[in-house]
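As a plain string of letters, each chain reads:
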Amino acid sequence: MRKDLIIINNEKCLEKSETYYCENIEISSINDLLSKKFNVKLILRKSNINPIHRIKNNNVFACSNIFSFIKNIINIASKKNSICLIIAVTPYTFASFLFLILFKREIYLYLRSDGKKEISAIFGKKISIIYKIIENIMVKFCNLIVVNNIIVKKKKFQIVNPSQIDEDWTKNIKKSNRNQIKLLYVGRLKIEKGIYSLIDIFNKIKFQDKKILLTLIGQGKKPTEINERIKFINPISKKEDLIKQYDAHDIFILPSFTEGQPQVLIESLIRQRPVIVFKEIQHVRQNYKGVFVVDRNAKDLFNKIKFIDKNYEQILSEMKTNKYPTKENFLNQLDAIFKMGV
């Protein structure tokens, strides 16, 4: 008999035609994955945003405020035979944590990135200190799941390799014609993702032999600095359309100030497109061939783009030795962790 798995997250969602959609593809993806082995229920936040990622689940509790959020937490806390999975540390998930502790429930906490750095980038260092205190409290009383060993300093944790890669990502990989150098960014258009920093740096680059172009794909407010060298595309929900965008570009660029294990990096590499990241997140390079680290300035970025363009075929050849995590690997890892706790 399948166990109930309650996913608690700050994710904003919206109901359209009796179907829920969310802003973050990771929530939709982890629901799809875990629904293969558990009766998944999601407690999320209701919002008027226009999300695009469908949640294939009828057990979504979309809460309009903190009181309805807590009400749903209390309702599920009384069901002793369910697994509680909190994703990320936020005021909503912290309140949920407190009530679950009150009901003496076993809790799993899944951290996908260094939240302190994200909060610092958005709100400043003082607020990030408060965040870290709350995170430390939650970490102390939860079974911890992380994507790398640098997010927290707790001695005991389980590492997973999140992935949305299936066999579709390995089929019909297109070669780049590289008559221009086309850079691609896919992700949220938020300060902590470094997108505005990237635009500022990119606009300082002057192309020489080849024109350098940048495409931005993502959810959020369209940047005002868009010009003839920067193209903006609304977020893409269909996997096949996203794959086409990777294939239509030459280099993927990830300008985030903080990341755990970014899915876009793996997606780009598996489509045989080199990746540039900035030094703040150089840990995401791991042992992958085809990932290059640069300082956050126009000169270093331009030099690295030229280097990749000059050595493109050799880099692609080296990238063929990479091994990537898959959806199935990720599901098996989570399943094994939950079984250890019962």
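Bear in mind the structure is a predicted one, so any value in this text is a computation, not a measurement.

Chemist: Go over the overall build of the chain with me, naming the residues and quoting the values.
Modeler: Of the regular secondary structure elements, the chain holds eleven helices and 15 strands. Dimensions of the chain, computed from C-alpha atoms along their principal axes, come out at roughly 65 × 45 × 40 Å. In the chain, of all internal contacts separated by at least 6 residues, the share reaching a separation of at least 24 is 68%. Computing the positive centroid from 60 side-chain charges and the negative centroid from 33, the chain places the two 4 Å apart.

Chemist: Outline the sheet that holds strand E10 (residues 181–186), supporting the account with residue identities and numerical values.
Modeler: Within the open sheet, the six strands sit side by side as E12-E11-E10-E13-E14-E15. Their pairing is parallel. Sheet topology places strand E12 (230–233) and strand E15 (291–294) at the edges, where each strand pairs with a single neighbour. Going across the sheet, the axis of each strand differs from the next one's by a mean of 25 degrees, ignoring polarity. In this sheet, strand E13 (residues 251–254) lies alongside E10 in parallel orientation, the contact comprising two bridges. By the bridge assignment for E13, Leu183 is matched with Ile251. This element, helix H6 (residues 195–202), spans E10, strand E11 (212–217), E12, E13 and strand E14 (275–278) of the sheet and lies at about 165 degrees to E11.

Chemist: Go over empty space enclosed by the protein with me, naming the residues and quoting the values.
Modeler: Under the criterion given, the structure shown has one cavity of 30 Å³ or more. By volume, the largest cavity amounts to about 100 Å³. In terms of lining residues, the largest cavity is bounded by 13 residues, among which Glu26, Ile30, Tyr110, Pro162 and Phe330 are the most central. For the lining of the largest cavity, the element with the highest residue contribution is helix H1 (residues 25–34), accounting for five residues. Here the residues of the lining of the largest cavity sort into seven nonpolar, four polar and two charged.

Chemist: An account of the side chain of Ser256 is needed here, citing residue identities and associated values.
Modeler: The topology assignment puts Ser256 in the loop between E13 and helix H8 (263–270). On the accessibility criterion, Ser256 (0% relative accessible area) is buried. Of the polar contacts made by the side chain of Ser256, one reaches the side chain of Glu259; its length is 2.7 Å.

Chemist: An account of the pattern of salt bridges is needed here, citing residue identities and associated values.
Modeler: Considering all chains together, one arrives at 18 salt bridges under this definition. The salt bridge partner of Lys239 is Asp168, with a shortest N-O separation of 2.7 Å. You can see Lys239 sitting in helix H7 (residues 239–247) and its partner Asp168 sitting in the loop between strand E9 (158–159) and E10, a full 71 residues away along the chain. The salt bridge partner of Glu259 is Lys193, with a shortest N-O separation of 3.0 Å.

Chemist: An account of the packing of H1 against helix H11 (residues 327–340) is requested, with residue identities and associated values reported.
Modeler: Packing of H1 against H11 brings their axes to within 10 Å, and their N-to-C directions diverge by 70 degrees. Judged by the inter-axis angle, H1 sits roughly perpendicular to H11. Where H1 crosses over H11, the two elements pack in a sense that is right-handed. The residues of H11 that touch H1, namely those facing Ser29, Ile30, Leu33 and Leu34, are Lys327, Phe330, Leu331, Leu334 and Phe338. Taken together, the residues of the contact of H1 with H11 break down into seven nonpolar, one polar and one charged.

Chemist: Explain the pairing of strand E7 (residues 107–111) residue by residue, including any values.
Modeler: Most of E7 sits out of view: five of its five residues are buried. Here strand E6 (residues 82–87) pairs with E7 via four bridges, running parallel. Across the sheet, Leu85 pairs through a bridge with Tyr108, a residue of E7. Chirality of the crossover, the property in question, places the unit of E6, helix H3 (residues 91–102) and E7 among those that are right-handed. As paired elements, E7 and strand E8 (residues 143–146) share four bridges and run parallel to each other. Residue Tyr108 lies in a different strand from E8, and its bridge partner there is Asn143.

Chemist: Requested: an account of a nonpolar patch on the surface, with residues and values cited.
Modeler: The grouping of Ile101, Ile129, Ile133, Ile137 and Phe141 at the surface amounts to a nonpolar patch, some 440 Å² of accessible area in total. When residues in the nonpolar patch are grouped by element, the largest group, four residues, is from helix H5 (residues 125–141). Here Ile129 lies in helix H5.

Chemist: How would you summarise the nonpolar core if you had to cite specific residues and measurements?
Modeler: If you look at the biggest cluster of nonpolar residues, it comprises 56 residues, and the most contacted ones within it are Leu34, Leu85 and Phe338. Excluding anything up to four places from it in sequence, Leu85 contacts Leu5, Ile6, Ile7, Ile8, Leu34, Tyr108, Tyr110, Ile145 and Phe338. Membership of the second largest hydrophobic core comes to 55 residues, among which are Leu265, Val277, Phe278 and Ile305.

Chemist: Which residues make up H5, and what are the values?
Modeler: Compared with the 24 Å implied by 1.5 Å per residue over 17 residues, the 25 Å span of H5 between its first and last C-alpha is a close match. Every buried residue belonging to H5 is among Ser128, Tyr131, Glu135, Met138 and Val139, and all of these are buried. Seen from one end, H5 has its buried residues packed into an arc of 95 degrees, which puts them on one side. Within H5, the exposed residues directed more than 90 degrees away from the buried face are Lys126 and Lys140.

What counts as what
- Residues numbered from 1 in each chain as written.
- Predicted model: local features only at pLDDT ≥ 70, side-chain atom pairs only at ≥ 80, totals over all residues.
- Heavy atoms only, no water.
- Helix = DSSP H or I, 4+ residues; strand = E, 2+ residues; numbered from the N terminus.
- Contact = heavy atoms within 4.5 Å.
- Lys, Arg positive; Asp, Glu negative; His and termini not counted.
- Charge placed at Lys NZ, Arg CZ, Asp CG, Glu CD.
- Pairing = 2+ DSSP bridges.
- Axes fitted to C-alpha atoms, helices over the stretch in contact; angles between N-to-C directions.
- 1 Å grid on protein atoms, 1.4 Å probe; cavity = no way out; pocket = protein on both sides within 12 Å on 5 of 7 lines; lining within 4 Å.
- Points joined across faces, edges and corners; volume = space filled by probe spheres on them.
- Nonpolar A, V, L, I, M, F, W, Y, C, P; charged D, E, K, R; others polar.
- Buried < 20%, exposed > 50% of the residue type's maximum accessible area, 1.4 Å probe, protein only.
- Polar contact = N/O pair within 3.5 Å; in protein donor to acceptor, adjacent residues only side chain to side chain.
- Salt bridge = Lys/Arg side-chain N within 4 Å of Asp/Glu carboxyl O.
- Parallel < 35°, antiparallel > 145°, perpendicular 65-115°, else oblique.
- Left-handed = near helix turned anticlockwise from the far one by under 90°.
- Right-handed = clockwise from strand over helix to strand, strands pointing away.
- Patch = residues over 30% accessible without salt bridge, like charges linked within 9 Å, V, L, I, M, F, W, Y side chains within 5 Å.
- Areas by Shrake-Rupley, 256 points an atom, 1.4 Å probe, with all protein chains shown as cover.
- Core = buried A, V, L, I, M, F, W, Y, C linked by side-chain atoms within 4.5 Å.
- Expected span 1.5 Å × (residues − 1).
- Arc of directions from axis to C-beta.

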